[in-house]
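# Descriptive analysis of the structure
Residues per chain, in single letters:
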Amino acid sequence: MSHAFIVHGLKDVDSLLKVHEALRQAGVPVWYDAPGADTEESRATISEAIDKAFAMIVLVSASSVRSREAQGQIERAIARGTTIFPFRTDNARLSGVFKKELASSLTTGLMDEGGLEKLVSDVRRRYRRKCPVLSVMNLKGGVGKTTISSQVFGAWQATLGGRVLLIDLDPQYNLTQTFFDMEAADRSAISDKSVISLFERSRLHASDATSPAETWSSLSVEPFPAPAPEEIAHPLMEEGAPGGVLDLISGQFEISKYAFATDAAALAAIRDNFLRMIDHLRSAYDLIVFDTNPNATFLTKCALEASDRVIAPMHPDM
């Protein structure tokens, strides 16, 4: 799982928690070491966390400037070419690597009006570039959306490697049936290990929950925790296959219920759930692809809001 790594000093706890909470609410995964942790095991864990980070946020303070641990963490990120966001939390005088490497890009701080919001926006933009989301979309059917989603991006993964996630957002779930027979697809839907669990609280999130697939007349707006990718996604490559990951979140007919819902507030809530889940999944993949339904519906709008790019296949005819 990729994340933003936060560098801080021993006395930066208040600033650290403010930055962490703001990023968490924006759907950006964050990692930081517990203040005061300094063992051989913790140093190895910290080094691994820096290596996995898509970006580093440096809290620039009197405490962090004096910290040899903070300087070492910054130097490791620089050596790896990691994007660094320095963020001033007090008026500390810069020295060492802080002055040499970060001074020119130190433009915002916690004391500035809108400073924290700008940091979150910049980090979130970098996070989204780390894992683009593409929608394969056309309001006309039969133009090859599912073929592109399965075959083109399957070939993409085979050629370039990396971690690719396919999500079946079409109630006809043809993409799912490309890889699984109907019985396997139905078993996935019955257990809620499927796309509906990106929108509503389901049995995937809590064993005592009612499946949203069983309640067509109402929408659940209860909050739910983001599942780990392996809890909701189906691997499409055999164990030991070289070159990364190709996963699928399977579709199901029951998501067509959203086209008939009339509760605008509930629809807005489950749309926000979906967007939050997609942002969470970005941390585990290098590319996410939606196969969409050939209609202008709630599902189409959700796909567009979550996507960075749209691929619109079409036939060269009248």
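Now for a look at the structure at hand.

Parameters at a glance
Residues numbered from 1 in each chain as written. Predicted model: local features only at pLDDT ≥ 70, side-chain atom pairs only at ≥ 80, totals over all residues. Heavy atoms only, no water. Buried < 20%, exposed > 50% of the residue type's maximum accessible area, 1.4 Å probe, protein only. Helix = DSSP H or I, 4+ residues; strand = E, 2+ residues; numbered from the N terminus. Pairing = 2+ DSSP bridges. Contact = heavy atoms within 4.5 Å. Axes fitted to C-alpha atoms, helices over the stretch in contact; angles between N-to-C directions. Phe/Tyr/Trp six-rings, centres within 6.5 Å; stacked < 30°, edge-to-face > 60°. Lys NZ or Arg CZ within 6 Å of the ring centre and 35° of its normal.

## Looking at the pairing of strand S5 (residues 133-136)
Burial of the side chains of S5 extends over both faces: Val133 and Ser135 are buried on one face and Leu134 and Val136 on the other. Inspection of the sheet shows S5 paired to strand S9 (residues 287-291) by four bridges, in the parallel sense. Looking at the pairing, Val133 lines up with Ile288 of S9. Sheet analysis places S5 next to strand S10 (residues 309-311), joined by three bridges and oriented parallel. By the bridge assignment, Leu134 is partnered in S10 with Arg309.

## Points about the sheet that holds S5
Here six strands make up an open sheet; going across it, the order is S7-S8-S6-S9-S5-S10 and the pairing mixed. The sheet is open, and its two borders are formed by strand S7 (234-235) and S10, each paired with just one other strand. Its contacts with the sheet put helix H7 (residues 145-160) on S5, strand S6 (163-168), strand S8 (245-249), S9 and S10, and the angle it makes with S9 is roughly 160 degrees.

## Side note on the packing of aromatic side chains
Counted by the stated rule, this structure contains nine aromatic pairs. When the centroid spacing of 5.4 Å and the interplanar angle of 15 degrees are considered together, the rings of Phe5 and Trp31 count as stacked. Placement of Phe5 in strand S1 (residues 4-7) and of Trp31 in strand S2 (residues 30-31) is noted, with a sequence separation of 26 residues between them. The exposure class assigned to Phe5 is buried, which follows from its relative accessible area of 0%. Relative to Trp156, the ring of Phe153 has its centre 5.6 Å away and its plane inclined at 40 degrees; by these criteria the two rings are tilted. Note that Phe153 and Trp156 are positioned in helix H7 at a spacing of three residues, about one turn of the helix. Using a relative accessible area of 39% as the deciding quantity, one classes Trp156 as partly exposed. Members of the aromatic cluster, joined through ring pairs, are Phe199, Tyr258, Phe274, Phe290 and Phe298. One cation-aromatic arrangement involves Arg163 over Tyr285; the distance from NZ or CZ to the ring centre is 5.7 Å. The residue whose ring lies beneath Arg276 is Phe224, and the NZ or CZ to ring-centre distance is 5.4 Å.

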